[in-house]
Amino acid sequence: MSRAPVVRVRPRRVSDLDACVRALAQVHALDGYPTDWPERPADWLATAAPVGAWVAELDGQVVGHIVLCPGAPDDVAPALWSEGREATAVVSRLFVAPEARGYGIGARLLERVVAEAGELGLHPVLDVVASDTSATALYERTGWRFLGTGEQHWGPRRTVTVRCYAAPPSVPADSPGAN
């Protein structure tokens, strides 16, 4: 009998960035994410001043990544969600290496940022390029609420349409609906 693979989500370390870049290169080649390959991918992953960053390991190998960031003035999702009601944080740089898909790793990474944001009194939101149907399917399958679409300006001559989502409401651990 073979053993089940071990999936672990933990805070990202600087020493994880090379493995993250390798996995990101595979994702880019297969899925086209990120849309534009960054000149310095490790720096792109290690975005300045994140709220937090995590990796997923499958049997000890880094195979996934996610970041939670403060919102920027041009972010569409926080504006659609909060309208002044609630502080938000933006989910970013989420990917899972192709060979590690099918183990629920994307969902586990999303669960981690939702929990971390909740502890900080922030509501996670995100946007995704409208043409990225596999990412959209993940968000909808894991209960993220569609907020609407918007336009983001990626340079002076490029505008992309994004779909915006908000994390599902958290269920307090001691409530009747909690697992």
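Residues numbered from 1 in each chain as written. Predicted model: local features only at pLDDT ≥ 70, side-chain atom pairs only at ≥ 80, totals over all residues. Heavy atoms only, no water.

**Q** Sorry, what's going on with the overall build of the protein here?
**A** Assigned secondary structure in the protein consists of five helices and seven strands. Along the protein, helices and strands appear, N-terminal first, in the series β-α-α-β-β-α-β-α-β-α-β-β. Computed over C-alpha atoms, the radius of gyration of the protein comes to 16 Å, within 12% of the 16 Å expected from 2.2 N^0.38 for 179 residues, which places it in the range of a compact globule. Overall size of the protein, expressed as C-alpha extent along the three principal axes, is 50 × 50 × 30 Å. The buried share of the protein, reckoned over its 179 residues, is 42%. Sequence-distant contacts in the protein: of pairs separated by 6 or more residues, those separated by 24 or more amount to 64%. When the accessible surface of the protein is totalled, it reaches about 9900 Å², and 52% of it is carbon and sulfur. Counting 17 positive and 21 negative side-chain charges, the protein places the averaged centre of each group 4 Å from the other. (Helix = DSSP H or I, 4+ residues; strand = E, 2+ residues; numbered from the N terminus. Rg over C-alpha atoms; globule rule 2.2 N^0.38 Å. Buried < 20%, exposed > 50% of the residue type's maximum accessible area, 1.4 Å probe, protein only. Contact = heavy atoms within 4.5 Å. Areas by Shrake-Rupley, 256 points an atom, 1.4 Å probe, with all protein chains shown as cover. Lys, Arg positive; Asp, Glu negative; His and termini not counted. Charge placed at Lys NZ, Arg CZ, Asp CG, Glu CD.)

**Q** Where do I start with the pairing of strand β3 (residues 61-69) in this structure?
**A** Side chains on a regular strand alternate between the two faces of the sheet. Taken across its nine residues, β3 has eight buried, putting it largely inside the fold. The pairing of strand β2 (residues 52-58) with β3 spans seven bridges and is classified as antiparallel. Along β3, the bridge assignment pairs Trp54 with Ile66. Hairpin remark: β2 followed by β3, antiparallel, with two residues in the connecting loop; positive phi at Asp59, about 50°. As defined by bridge partners, β3 adjoins strand β4 (residues 88-96) across five bridges and the pair is classed as antiparallel. Within β4, the position partnered with Cys69 by the bridge is Val90. (Pairing = 2+ DSSP bridges.)

**Q** Can you walk me through the state of the cysteines in this structure?
**A** Such a bond, covalent and formed between the sulfur atoms of two cysteines, is termed a disulfide. A complete count under the given rule lists zero disulfides for this structure. The thiol of Cys20 is unpaired, and the distance to the nearest cysteine sulfur, on Cys69, comes to 14 Å. When its relative accessible area of 0% is taken as the criterion, Cys20 is described as buried. With no disulfide of its own, Cys164 lies closest to Cys69 among cysteine sulfurs, the gap being 15 Å. Classification of Cys164 by relative accessible area gives buried; the value is 0%. (Disulfide = S-S within 2.5 Å.)

**Q** What is the right way to look at unusual backbone geometry in this model?
**A** Excluding glycine, residues mostly have negative phi values, and the peptide bonds linking residues are mostly trans. Following Tyr33, the chain continues into Pro34 via a peptide bond in cis, with omega recorded as -5°. Structurally, the position occupied by Pro34 is in the loop between α1 (17-31) and α2 (41-45). The backbone of Asp59 sits at a positive phi, close to 50°, despite the residue not being glycine. Relative to the helices and strands, Asp59 is located in the loop between β2 and β3. We classify Asp59 as partly exposed; its relative accessible area is 37%. Positioned with a positive phi, Arg93 is a non-glycine residue whose angle comes to about 55°. Within the secondary structure, Arg93 sits in strand β4.

**Q** Please explain the packing of aromatic side chains as it appears in this structure.
**A** What characterises a pair of aromatic rings is the spacing of the ring centres plus the angle enclosed by the ring planes. This model, assessed by the stated rule, comprises four aromatic pairs. Between the aromatic rings of Tyr139 and Trp144, the centroid separation amounts to 6.3 Å while the plane-to-plane angle is 50°, which identifies the pairing as tilted. Neither Tyr139 nor Trp144 differs from the other in exposure class; each is buried. An aromatic cluster of three or more residues is present, and its members are Tyr139, Trp144, Phe146 and Tyr165. Positioned over the ring face of Trp44 is Arg93, at 4.0 Å from the centre of the ring. The ring of Phe146 carries the charged tip of Arg163 above its face, separated from the ring centre by 4.1 Å. (Phe/Tyr/Trp six-rings, centres within 6.5 Å; stacked < 30°, edge-to-face > 60°. Lys NZ or Arg CZ within 6 Å of the ring centre and 35° of its normal.)

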